[in-house]
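Survey of secondary and tertiary structure
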Amino acid sequence: MIPSYNETGIADTLRSLYACAQPNCSVHIIIVINEPQNCEERITQVNQKTYKDVVSFINNIELQHFTIDVQYHIFPTKDAGVGLARKIGMDTAHNIFTDIATDGVIVNLDADCTVSYNYLAEIENAFYNTKTSGASIYYEHPHLQTDTGEIYEGAVLYEIFLRYYIQALRYAEHPYIFHTLGSCMAVRSSVYHKQGGMNKRKAGEDFYFLNKIIPLGNYKEINTCTVYPSARISDRVPFGTGRAMMNWHQEQIVKQYNFAIFKDLKIFFDALINIYEQNFEYTQLPEPVLIFLQKNDYQLHIKEIRMHTSGFENFRKRFFRWFDAFLCLKYVHFARDNYYTDRGLLIDVAELRRIDVSDKNSIEVLQMLRGIDNMK
């Protein structure tokens, strides 16, 4: 499923998929070109060219095990966005699988991505004859560089930030933490339907969607193939890679979170066994955590969780369905805004990984973080 809005390089994405090693299953590509009502004429022209490029691709290549369905939608302005585009495409995919009585896999990609040669085969391997409910697919931003080198450095630092954040939450031992890029996610059709499908958010739709899927269990990472998302400048959504690159270009700043935030969070998570056994005094928690819990009615939630569970493991599972990735993000922002100021990104990476990075450049640090993610 590929949403496309104001994209100029979708033919590269299709050629990349076409060049993949052929899996044992068929591959149906759904492209949802979209724009809001009263869209700027220049964007409409780009979208129309994208549609023609896809049709030309279909007409000029022997598709073999591929089929391609290209749709063009004009959305009401209030609903227009990537969430609705993904929803239409993923709903279409689910309906196709329902019609052929197959619990297939719905894979998301973006129209500015390319993929590794083994991409399709490795996704098939991850789901075939397994209980896998969904998966996050390994990614690497290409090292783009302008004459000044600005985008190059900005893309590197932004990916360091993404990997640092995930690894810091894993350091705190939250069990449901995965990368949640819309261009790098796959879900089984039955699971997609069971959890109510994709939302219509104009940004962050991938994060909120996967936040419902991951706690179901049997979610995994596919680290044996790679998606290469574009690191170009874009203002299409209020956050994400393109927005980060625009901010970097304008301000040369990539924001990160002080590692102290995650050390406090780990103290809280480590105390869960004592919280369950009711021999814990909450005033022992770091102040940022305690104040945040008080603001989020923790006593009511803990009481409700305890009432509906028997045994610590069930308590822990239900706890993390409450204190999920979204609530973690809210806590991180609360602690940043009220307690811990940002430091240099590489300083926090060095503390997280317990290494000296003073002799390393940003590329070397990124490669180290990629290697850690790729081992999981």
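Okay, so let's go over this structure. (Residues numbered from 1 in each chain as written. Predicted model: local features only at pLDDT ≥ 70, side-chain atom pairs only at ≥ 80, totals over all residues. Heavy atoms only, no water.)

**Topic: the sheet that holds strand β4 (residues 105-108)**
Put simply, the rule is: Pairing between strands is defined by DSSP: at least two bridges between the two strands are required. Secondary structure elements follow DSSP: runs of H or I of four or more residues count as helices, runs of E of two or more count as strands, with numbering from the N terminus.
Read from one edge of the open sheet, five strands run β4-β7-β6-β8-β5, paired in mixed fashion. Each of the sheet's edge strands pairs with one partner strand only, and the pair in question is β4 and β5 (114-115). Where β4 and strand β7 (residues 185-188) come together, four bridges link them in antiparallel fashion. Opposite Val107, over in β7, you have Ala186 as the bridge partner.

**Details of the packing of helix α9 (residues 259-270) against helix α14 (residues 325-338)**
Formally: Angles run from 0 to 180 degrees between N-to-C directions of axes, and those axes are lines fitted to C-alpha atoms, restricted for helices to the stretch in contact. These descriptions rest on fixed angle ranges, namely under 35 degrees for roughly parallel, over 145 for roughly antiparallel, 65 to 115 for roughly perpendicular, and the rest for oblique. Put simply, a crossing is left-handed when the front helix is turned counterclockwise from the back one by less than a right angle, and right-handed when it is turned clockwise. Two residues qualify as a contact provided that any one of their heavy atoms is within 4.5 Å of a heavy atom in the partner residue.
Look at α9 against α14: their axes get within 10 Å of each other, and the N-to-C directions meet at 130°. Looking at the two axes, α9 sits oblique to α14. The interaxial crossing formed by α9 with α14 has right-handed handedness. In this structure, α9 contributes Ile261, Phe262, Asp264, Leu265 and Phe269 to the contact, and α14 contributes Cys328, Tyr331, Val332, Ala335 and Arg336.

**Structural notes on the pattern of salt bridges**
To keep things clear, this is the line we draw: Here, a salt bridge means any side-chain nitrogen of Lys or Arg that lies within 4 Å of a carboxyl oxygen of Asp or Glu.
Within the structure shown, the criterion is met by 21 salt bridges. Put simply, Arg163 and Asp373 hold a salt bridge, and the shortest N to O gap is 2.7 Å. Residue Arg163 is located in helix α5 (residues 150-171), and its partner Asp373 is located in helix α16 (residues 362-375); the two are separated by 210 residues in the primary sequence. Connected through shared salt-bridge partners, Glu140, Glu159, Arg163, Arg170, Glu221, Arg370 and Asp373 make up one network.

**A short note on the side chain of Ser189**
Defined as follows: The buried label applies to any residue whose accessible area, calculated with a 1.4 Å probe on protein chains only, is under 20% of its type's maximum; exposed applies above 50%, and partly exposed to all values in between.
You can see Ser189 is positioned in helix α6 (residues 189-194). Among the residues examined, Ser189 registers a relative accessible area of 2% and is labelled buried. When neighbours within four sequence positions are excluded, Ser189 is seen to be in contact with His94, Phe97, Asp103, Gly104 and Ile106.

**Things to note about helix α7 (residues 205-213)**
Most of α7 sits out of view: seven of its nine residues are buried. Turning to α7, its buried residues are Glu205, Asp206, Phe207, Phe209, Leu210, Asn211 and Ile213. Contact partners of the buried residues in α7: α3 (82-99), β6 (134-139), β7, α6, β8 (219-228) and α14.

**Thoughts on the sheet that holds strand β1 (residues 2-4)**
Read across the open sheet, the three strands follow the order β1-β2-β3; overall the sheet is parallel. Of all strands in the sheet, those with a lone pairing partner are β1 and β3 (66-75), marking the two edges. Across the sheet, the axes of successive neighbouring strands diverge by a mean angle of 20°, strand direction being ignored. Sheet analysis places strand β2 (residues 27-36) next to β3, joined by ten bridges and oriented parallel. Among the inter-strand pairings, Ile30 is bridged to a residue of β3, identified as Asp69. Where helix α2 (residues 41-60) meets the sheet, it contacts β1, β2 and β3, and its direction lies at approximately 165° from that of β3.

**Digging into the nonpolar core**
What counts is decided by this rule: Among buried residues, those of type Ala, Val, Leu, Ile, Met, Phe, Trp, Tyr and Cys that are joined through side-chain atoms within 4.5 Å constitute a nonpolar core.
Judged by nonpolar contacts, the single largest core of 112 residues is most densely connected at Ile31, Tyr119, Phe262, Phe268, Phe319 and Phe323. Take this core: its biggest share by element is eleven residues, from α5.

**As for the pairing of β7**
The side chains of a regular strand alternate, first on one face of the sheet and then on the other. By the alternation rule, side chains of β7 split into Met185 and Val187 and Ala186 and Arg188, which are all buried. Of the strand pairs in this sheet, β6 and β7 are connected by three bridges, and their pairing is antiparallel. What sits directly across from Ala135, in β7, is Ala186.

**Quick notes on the pairing of β8**
Counted residue by residue, β8 has seven buried out of ten residues, so it is predominantly covered. Here two bridges tie β5 to β8, and the two strands are oriented antiparallel to one another. Looking across to β8, one finds that Val115 is bridged to Val227.

**Comments concerning the packing of aromatic side chains**
Worth spelling out the cut-off: Classification of ring pairs rests on two measures: the distance between centres of Phe, Tyr or Trp rings, Trp counted by its six-membered ring, which must be within 6.5 Å, and the angle between planes, read as stacked under 30 degrees, edge-to-face over 60 and tilted in between. Throughout this description, the term charge over a ring refers to an Arg CZ or Lys NZ atom that lies within 6 Å of the ring centre and within 35 degrees of the ring normal.
Following the criterion strictly, the structure yields 32 aromatic pairs and no others. Centre to centre, the rings of Phe269 and Phe319 are 6.3 Å apart; their planes meet at 80°, and the pair counts as edge-to-face. With Phe269 in helix α9 and Phe319 in helix α13 (residues 312-322), the pair connects residues that are 50 residues apart, well separated along the chain. Among the residues examined, Phe269 registers a relative accessible area of 6% and is labelled buried. Since its relative accessible area comes to 0%, Phe319 is described here as buried. Three or more aromatic residues joined by ring pairs form one cluster here, namely Phe268, Phe269, Phe292, Phe319, Phe320, Trp322, Phe323, Tyr331, Phe334 and Tyr339. Between the NZ or CZ atom of Arg170 and the centre of the ring of Phe178, over which it lies, the distance is 5.7 Å. One residue, Lys266, lies across the ring of Tyr171, its end atom 5.6 Å from the ring centre.

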